[in-house]
Amino acid sequence: MLRRFGLTAVFVLLSSGPALAGSGFYLGVHGGSSGIDVRLGDGRVRLESKDFAWKGLAGIGLGRFIAVETGYVRFGTAQDTVAGVTIEQSLWGWDTAGLLKINIGPLDIYGRFGGIYWKAEAGIGPVAVNSDGFDVNYGGGLGVVLGKLEIRGEMVWYDASSIGDPWMASLGLTLGF
C-alpha cells in the first residue's frame, strides 16, 4: 500500500511540472499600429487614421492555459484636416484581460477578452472635448516562447463606438520571472 502511494505521489509530482510551466509573473512591452475611425455628428465628417501605438503590461500565468494581464495602452493621435479645420483625437487607457492559451511546442496561441478604461482628447479647430469611459476589448495572438522570453504578435479590438472603435496590431516581448 505504501509503495503504491509513493509511486502515485511521484507520478503526480512529475506530471504537474508541465502544467506549472506557464505559471508566474511577467512584464512586457508592445509596439505597432493603431487605427481609429471617428465619426462626428451625423457621420458626414469621418476621420480614419492610423498611428504608432504602444503598450506596457504586467501579467500572471495561472497554469499552462490561463493568464491575466493589465497594462497601459497608448493609441496615438488620429488627425486630419477637413474644409481647412484640423480635427484630431488622442486616445489612451488602462486595460485588463483574461487570456486563454493553447500551447503547441514553443508556440502559444491565445485569445483574450477584457475591458479598458479609456480617456480621449478631441479637438475640432480651437474647440477641445475630453471624454472617458469603460468598454470591452477582445482579440488574439501568437507567441514564440524562448525560455523566459516570449515574442508575440497580437491583434486587439476595442468596442468603444463612442470614440471610433479603435484597434491595435502589435509585436511585443514579455519576460517571465
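Given the structure is predicted, the values throughout are model-derived calculations rather than measurements.

Draft legend 1. Focus on the nonpolar core. Counting residues in each nonpolar core, the largest one holds 14 residues, and the members touching the most others are Phe75, Leu91, Trp118, Tyr158, Ile163 and Met168. Contacts of Tyr158, omitting those with residues within four sequence positions, involve Val73, Phe75, Asp95, Ile116, Val136, Asn137, Asp165, Pro166, Trp167 and Met168. In terms of nonpolar packing, the next biggest core, distinct from the first, is built from six residues, Leu57, Ala67, Ala97 and Leu99 among them.

Draft legend 2. Broad picture of the side chain of Ser34. You can see Ser34 is positioned in strand 1 (residues 24–40). For Ser34, a relative accessible area of 1% gives the class buried. Within the local environment of Ser34, its side chain forms a polar contact with the backbone oxygen of Phe75, the two atoms lying 2.4 Å apart.

Draft legend 3. The arrangement of the packing of aromatic side chains in detail. Enumeration over the complete set of coordinates arrives at five aromatic pairs. Both rings, one in Trp54 and one in Tyr72, keep their centres 5.4 Å apart while their planes meet at 50°; by these two values the pair is tilted. Pair noted here: Trp54 is in strand 2 (residues 45–61) and Tyr72 is in strand 3 (residues 66–82), with a separation of 18 residues, a long-range link. Plain terms: the ring middles of Phe75 and Tyr158 are 5.0 Å apart, the flat faces sit at 90° to each other, and that makes the pair edge-to-face.

Draft legend 4. Region of the structure containing the confidence of the model for the protein chain. In this model, the protein chain carries a mean pLDDT of 83, and residues with pLDDT of at least 70 account for 80%. Confidence drops under pLDDT 50 across residues 5–21; counting only partners more than four residues distant or on other chains, this segment forms three contacts.

Draft legend 5. Examining the pattern of salt bridges more closely. Counting across every chain of the model gives seven salt bridges. Between Lys55 and Glu154 there is a salt bridge, and its shortest N-O distance comes to 2.5 Å. Of this pair, Lys55 sits in strand 2 while Glu154 is found in strand 7 (residues 149–159), placing the two residues 99 residues apart along the sequence. Both residues of the pair, Lys55 and Glu154, belong to the buried class. Linking Arg112 and Asp95 is a salt bridge whose minimum nitrogen-to-oxygen distance equals 3.1 Å. Here the residue Arg112 occupies a position in strand 5 (residues 107–124), and Asp95 occupies one in strand 4 (residues 85–104), the gap between them amounting to 17 residues. Using a relative accessible area of 4% as the deciding quantity, one classes Arg112 as buried. Each member of the salt-bridge network shares a partner with another, and the members are Lys55, Glu69, Asp95, Arg112, Glu150, Arg152 and Glu154.

Draft legend 6. A look at the pairing of strand 6 (residues 127–146). Summarising the sheet, strand 5 and strand 6 pair through 18 bridges and their orientation is antiparallel. The residue of strand 6 that forms the bridge with Phe113 is Tyr138. The loop that links strand 5 with its antiparallel partner strand 6 comprises two residues; one of these, Gly125, has a positive phi angle of about 60°. In the sheet, strand 6 pairs with strand 7 via eleven bridges, with the strands oriented antiparallel.

Each value, and the rule that gives it
Residues numbered from 1 in each chain as written. Predicted model: local features only at pLDDT ≥ 70, side-chain atom pairs only at ≥ 80, totals over all residues. Heavy atoms only, no water. Core = buried A, V, L, I, M, F, W, Y, C linked by side-chain atoms within 4.5 Å. Buried < 20%, exposed > 50% of the residue type's maximum accessible area, 1.4 Å probe, protein only. Contact = heavy atoms within 4.5 Å. Helix = DSSP H or I, 4+ residues; strand = E, 2+ residues; numbered from the N terminus. Polar contact = N/O pair within 3.5 Å; in protein donor to acceptor, adjacent residues only side chain to side chain. Phe/Tyr/Trp six-rings, centres within 6.5 Å; stacked < 30°, edge-to-face > 60°. pLDDT = per-residue confidence, 0-100. Salt bridge = Lys/Arg side-chain N within 4 Å of Asp/Glu carboxyl O. Pairing = 2+ DSSP bridges.

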